[in-house]
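# Analysis of the macromolecular model
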Amino acid sequence: MTDTAESDVRHDVSIASRILAEHNHGDYIWGRVSVRDQDGRGFWLKPSGLGMDEVTPDVVHLVDFDGNVVLGEGSRHFEFPIHAEIMRARPDVGAVVHSHAPHAVALGASGMPLRPVSHAANLFSPPDVPRFTVTGDLIRTAALGRQLADCLGDAPAAFLVNHGIVAVGADVEIATCAALLLEDACRLQLLTASLPGWPTWSDPVESLQKRDHAYPDHALRAMWRYLVRRQTRREQHAFETLDAR
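Residues numbered from 1 in each chain as written. Predicted model: local features only at pLDDT ≥ 70, side-chain atom pairs only at ≥ 80, totals over all residues. Heavy atoms only, no water.

## Description of the state of the cysteines
- Under the defined criterion, the tally for this structure stands at 0 disulfides.
- This cysteine, Cys177, is not joined by any disulfide, and Cys186 carries the nearest cysteine sulfur, 16 Å off.
- According to the relative accessible area criterion, Cys177 is buried, its value standing at 0%.
- This cysteine, Cys186, is not joined by any disulfide, and Cys151 carries the nearest cysteine sulfur, 15 Å off.
- Judged by its relative accessible area of 0%, Cys186 falls in the buried class. (Disulfide = S-S within 2.5 Å. Buried < 20%, exposed > 50% of the residue type's maximum accessible area, 1.4 Å probe, protein only.)

Now the structure itself:
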């Protein structure tokens, strides 16, 4: 990997992490986003002990598929098998997000299927989002990582029941947007369920049409560019406010 490519991937992991944190995926120091190394050496992610809101390019390190830190410093996350085994099983996946997004955790634990009551849900349903129920504990072993990858199959996301979510994509842009949209879909379904009346949702034919119309890859990439612009503005404003004191 060239110095420029390494700089780019470190930047991608760091900005995706901060965007996810801004949208309530942070859960203190837990949760992370990984990006596959283009030279096949493993994947890039933040070290353990940092919140996603704290991730800057210089702290992002390269971890191989066996959990060894190849480049960079800091302790790697215990749950590296989530990223390693999904990427082993899915050559099409270039990035993996694992977070404890609260509405997705709640819906996953409820046993309710994800219903397309909103645009966002149509990215994932039908079919229903896979649910990993082998354990609600941390995914610390390759065996559990492989079971999670099997559960995920070719889906864009899965619930880790009583734990969190994984969302995947061809690159960090798609994976990050998928994680954000899954949490949005769960939040809107839980809001709908809390109201009196009889909820409605799109039928499978309409859902698939909406998926094609609203969420082709080019639209998700446009969403990503918006998120980066928005995050950049927020951080610049925060820096200017601090500098003015």
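## A look at the environment of Gly72
- Structurally, the position occupied by Gly72 is in the loop between β4 (69-71) and α2 (80-89).
- Sequence-wise, Gly72 and Leu62 are 10 residues apart; in three dimensions their C-alpha atoms are separated by 6.5 Å. (Helix = DSSP H or I, 4+ residues; strand = E, 2+ residues; numbered from the N terminus.)

## Description of the sheet that holds β4
- Pairing is mixed in the open sheet, where 8 strands are placed in the order β4-β3-β2-β1-β5-β8-β7-β6. Each end of this open sheet is capped by a strand with a single partner; those strands are β4 and β6 (131-132).
- Pairing between strand β3 (residues 61-63) and β4: 2 bridges, direction antiparallel. Each residue of the ladder has a partner; that of Leu62, found in β4, is Leu71.
- Packed onto the sheet, helix α5 (residues 172-193) meets β1 (32-36), β5 (95-99), β7 (157-160) and β8 (164-169) and runs at close to 140 degrees relative to β8. (Pairing = 2+ DSSP bridges. Contact = heavy atoms within 4.5 Å. Axes fitted to C-alpha atoms, helices over the stretch in contact; angles between N-to-C directions.)

## Observations regarding the environment of Gly51
- Along the polypeptide, Gly51 turns up in the loop between β2 (43-45) and β3.
- With 34 residues separating them along the chain, Gly51 and Ser17 place their C-alpha atoms 8.6 Å apart.
- Once residues within four sequence positions are removed from consideration, Gly51 is found in contact with Tyr28, Ile29 and Lys46.

## Thoughts on the pairing of β8
- When you tally the buried positions in β8, you get 6 out of 6 residues, the bulk of the element.
- With burial as the criterion, each face of β8 is covered, one bearing Gly164, Val166 and Val168 and the other bearing Ile165, Ala167 and Gly169.
- Direction of pairing for β5 relative to β8: antiparallel, over a ladder of 5 bridges. Considered in β8, the bridge of Val96 is made with Val168.
- Bridging between β7 and β8 involves 4 bridges; their strand directions are antiparallel.

## Focus: the packing of helix α1 (residues 3-22) against α5
- Where α1 contacts α5, the two axes come as close as 11 Å, and the packing angle between them is 10 degrees. By the criterion of interaxial angle, the relationship of α1 to α5 is roughly parallel. Along its contact with α1, which presents Asp12, Ala16, Ile19 and Leu20, the element α5 presents Val172, Thr176, Ala179 and Leu180.
- Its residues assigned to classes, the contact of α1 with α5 comprises 6 nonpolar, 1 polar and 1 charged. (Parallel < 35°, antiparallel > 145°, perpendicular 65-115°, else oblique. Nonpolar A, V, L, I, M, F, W, Y, C, P; charged D, E, K, R; others polar.)

## Comments concerning a nonpolar patch on the surface
- Taken together, the side chains of Tyr28, Ile29 and Trp30 present a nonpolar region at the surface, about 370 Å² in accessible area.
- Note on placement: Tyr28 falls in the loop between α1 and β1. (Patch = residues over 30% accessible without salt bridge, like charges linked within 9 Å, V, L, I, M, F, W, Y side chains within 5 Å. Areas by Shrake-Rupley, 256 points an atom, 1.4 Å probe, with all protein chains shown as cover. Salt bridge = Lys/Arg side-chain N within 4 Å of Asp/Glu carboxyl O.)

## Section: the pairing of β1
- Within β1, 4 of the 5 residues are buried, which leaves it mostly tucked inside the rest of the structure.
- With 4 bridges joining them, β1 and β5 adopt antiparallel strand pairing. Within β5, the residue paired with Arg32 across the bridge is His98.
- From the end of β1 to the start of β2, which pair antiparallel, there are 6 residues, and Gly40 there has a positive phi angle of about 80 degrees.

## Observations concerning unusual backbone geometry
- Along the chain, Ser125 connects to Pro126 via a cis peptide bond; the corresponding omega equals 5 degrees.
- Inspection of the secondary structure puts Pro126 in the loop between α3 (102-110) and β6.
- The omega torsion of the bond from Pro126 to Pro127 falls at -10 degrees, within 30 degrees of zero and hence cis.
- In this fold, Pro127 is placed in the loop between α3 and β6.
- A positive phi angle, close to 60 degrees, is found at Tyr28, a residue other than glycine.
- Exposure remark for Tyr28: the relative accessible area of 69% places this residue in the exposed category.

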